[in-house]
Amino acid sequence: MSQTLFDAEDWPLPAVRRESTVSSSTQSSSSSFVSTSFFPLPPINPATSSPGRSRQASCQSLYDEVIRLPLNPAVTISFVRSHKLFKLRYTYIDIRKDATGSLRALELGGAVGQQTPFVHTFNTTKIPVPHLEHPKLPDEPSLRISFMEEQTIQTAHTVFTSQLSYTFEDWNDCVQFQELILAAKLVFIAGIAEAKSKGRGEECISQNLRILRGYNGKQVILFFANSQRKELKRYVSLPVNCIESVQPPKKAGRPVVLQLLPNFDHLSQMRSLQIHFLDHGDGLSFCQFLADHAK
């Protein structure tokens, strides 16, 4: 079964497959709007393994597809094992998906003296959402990505679990990494101080708000709900076409207000959403984006 980005009631973006090498983008990190060279396309051919790949990692299959992301210049992987902090630097990431488009593993290589890939595997029916650890500002990219649960790691013949983080050195690499995992284009991102809904109260504080576009053109707003409510902390998705109206901030420091259509259970509970952006210009850009793309 193919992975979906969110729970069924949260309008999943379908997973898609593509076999290629991704080139670096030249988009400036100062803008909330993101444009890179990668854009997922609908699957039209049977999955095939990428040519020239070794078969040392146990997660590989003849029917896997591999997309290589060369880095500019590298990414640093951090994890703790046996109470020791390790930091390893690699120059490319291979994103491996199975024949259904489900994410199987990330394989990192290009390190000095490396003989076998560093393999980060996923065993879940849902696409793991790359979590940006720091809110993005217009002139300050957020380059550190982690995953919310412990992950399985394989180095040579050693397998263990730990929480991984990826620290990129280039914003475009960070964007393309998210797009390849989520099989969607990141079209907007901005840091938010707080989001509150009318029906549930505080949703999140000090997070990033992202808008993703699937290959079918559907768009979804995504943010991490880290409120102090008893509910499980998780990612919340709002389909852009489920926004009834947008009220821009009347002045700097005031929130953007979204009136939501009750198309899904969590939207009927929320009813409306107030979003305080860290940067006033980002809030205005967000409103303009919705005005251009809603409905």
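Here the structure is shown first, and the text comes after it.
A. Main features of the pattern of salt bridges. According to the stated counting rule, one finds eight salt bridges in the structure shown. The partner of R96 in a salt bridge is D64, with the nearest N and O atoms 3.2 Å apart. Placement of the pair is R96 in strand β3 (residues 84–97) and D64 in the loop between β1 (20–21) and β2 (65–81), with a sequence separation of 32 residues. For the pair shown, R96 and D64 are each scored as buried. Overlapping salt bridges, with partners in common, bring together D64, R96, R104 and E107 in one network.

B. Representation of the sheet that holds strand β14 (residues 234–239). Read from one edge of the open sheet, seven strands run β14-β13-β12-β11-β17-β16-β15, paired in antiparallel fashion. Edge positions in the sheet fall to β14 and β15 (243–247), since each of these pairs with one other strand and no more. Pairwise comparison of adjacent strand axes, ignoring direction, gives a mean angle of 30° for this sheet. As paired strands, strand β11 (residues 185–197) and strand β12 (residues 201–213) are joined by 11 bridges and run antiparallel to one another. Within β12, the residue paired with K185 across the bridge is R213. Contacts from helix α1 (residues 171–182) reach β11 and β12 within the one sheet, and its direction differs from that of β11 by about 90°.

C. Summary view of the packing of aromatic side chains. A complete count under the given rule lists 12 aromatic pairs for this structure. With a centroid separation of 5.8 Å and 35° between ring planes, the pair formed by F79 and F118 is classed as tilted. Taken together, the residues span a long stretch of sequence, with F79 in strand β2 and F118 in strand β5 (residues 118–121) at a distance of 39 residues. Across the pair, exposure class does not vary: F79 and F118 are buried alike.

The rules we used
- Residues numbered from 1 in each chain as written.
- Predicted model: local features only at pLDDT ≥ 70, side-chain atom pairs only at ≥ 80, totals over all residues.
- Heavy atoms only, no water.
- Salt bridge = Lys/Arg side-chain N within 4 Å of Asp/Glu carboxyl O.
- Helix = DSSP H or I, 4+ residues; strand = E, 2+ residues; numbered from the N terminus.
- Buried < 20%, exposed > 50% of the residue type's maximum accessible area, 1.4 Å probe, protein only.
- Pairing = 2+ DSSP bridges.
- Axes fitted to C-alpha atoms, helices over the stretch in contact; angles between N-to-C directions.
- Contact = heavy atoms within 4.5 Å.
- Phe/Tyr/Trp six-rings, centres within 6.5 Å; stacked < 30°, edge-to-face > 60°.

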